[in-house]
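These are the residues of each chain, in order.
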Amino acid sequence: MTKHLRLTIAQLNPTVGDIKGNADQARAAWAEGKAAGADLVALPEMFLVGYQTQDLVTKPAFVADAMEQLMVLARDCADGPALSIGGPVVEDDRLYNAYFTLRGGQIVAQARKHCLPNFNVFDEVRLFKGADISGPFALNNGARIGNPICEDAWYPDVCEAMVESGAENLVVHNG
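Here the residue numbers are simple positions, counted from 1 along each chain's written sequence. Two thresholds apply to this predicted model, a pLDDT of at least 70 for residue-level local features and 80 or more for giving and counting side-chain atom pairs, whereas whole-chain, interface and lining totals are computed over all residues. Values reported for side chains reflect all heavy atoms of the structure, with hydrogen atoms and water molecules removed beforehand.

(A) Representation of helix H2 (residues 60-76) in the model. Taking 1.5 Å of rise per residue, the 17 residues of H2 would be expected to cover 24 Å, and the 24 Å separating its terminal C-alpha atoms lies within 8% of that figure. Residue exposure (1.4 Å probe, protein chains only): buried if accessible area is under 20% of the type maximum, exposed if over 50%, otherwise partly exposed. We count a stretch as a helix when DSSP gives it H or I for four or more residues in a row; a strand needs E for two or more, and each element gets its number in order from the N terminus. When we look at burial in H2, the residues that qualify are Phe-62, Val-63, Ala-66, Gln-69, Leu-70, Leu-73 and Ala-74. The buried residues of H2 occupy an angular sector of 145° when the element is viewed end-on, so they sit on one face. Along H2, exposed side chains directed more than 90 degrees from the buried face belong to Pro-60, Ala-61, Glu-68 and Arg-75. To estimate the expected span of a helix, count its residues, drop one, and scale the result by 1.5 Å. Within this analysis, the arc is defined by the directions that extend from the helix axis to the C-beta atoms.

(B) Focus on the pairing of strand S4 (residues 94-103). Here S4 lies mainly inside the structure; nine of its 10 residues are buried. Here S4 hands over to strand S5 (residues 106-112) after two residues, with Gly-104 in that stretch at a positive phi of 65°. Whether two strands pair depends on DSSP finding at least two bridges between them.

(C) View of the side chain of Lys-113. Inspection of the secondary structure puts Lys-113 in the loop between S5 and helix H3 (124-127). On the accessibility criterion, Lys-113 (0% relative accessible area) is buried. The term polar contact refers here to a pair of N or O atoms within 3.5 Å; inside protein, the definition further demands a hydrogen-donor-capable atom paired with an acceptor-capable atom, and it admits residues adjacent in sequence only when both atoms are side-chain atoms. One polar contact links Lys-113 to Glu-45, side chain to side chain, over a distance of 2.7 Å. Engagement of the side chain of Lys-113 in a polar contact is seen with the side chain of Glu-124, the distance being 3.1 Å. Should any heavy atoms of two residues lie within 4.5 Å, those residues are considered in contact. When residues no more than four places from it in sequence are discounted, the contact partners of Lys-113 are Glu-45, Tyr-51, Asn-97, Glu-124, Lys-129, Gly-130, Ala-131, Ile-149, Cys-150, Glu-151 and Asp-152.

(D) Just the pattern of salt bridges, in detail. One speaks of a salt bridge when a side-chain nitrogen belonging to Lys or Arg is within 4 Å of a carboxyl oxygen belonging to Asp or Glu. Counting across every chain of the model gives 10 salt bridges. Arg-112 is paired through a salt bridge with Glu-91; the nearest N and O atoms lie 3.1 Å apart. Taken together, the positions of Arg-112 in strand S5 and Glu-91 in strand S3 (residues 82-91) put the pair 21 residues apart, joining distant regions of the chain. Here the residues in one salt-bridge network are Lys-20, Asp-24, Arg-27 and Asp-76, joined through shared partners.

Below, the structure written as structure tokens:
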């Protein structure tokens, strides 16, 4: 088990649709975390595109732009702590609410939301597909992190599965 984990949580306010501006906020938060000696800088769910995007996230060009900015962010934040940030991803023609961990210029881990809310202002069931529960990822210091995304943490089976698969810490990302 890892003895030390320095986590910078950047609970900032993204603007829906301002992908480049949100990436700039993430970059600044990462720089602050790096200066503070963080092992991981964590931003909220869907931070890269803003939350809630509603139908904007169903536009292929919007998701492609988000992925392009994500890769630029990965390259820009390659020489320091890991950066975790939420955004959309399309895999096998399915749209997911995802959470990416960037390190060394690339995506090193990806979690996709398992439990999708469908009440009040939340209609994620209409927009996204629920995914299998993701396992943990390891930081450079060996710490194993599980990333339940928002509602995922409300359901004991999700967190239990992450811990059983080796997560030492759960970092919950809410939008």
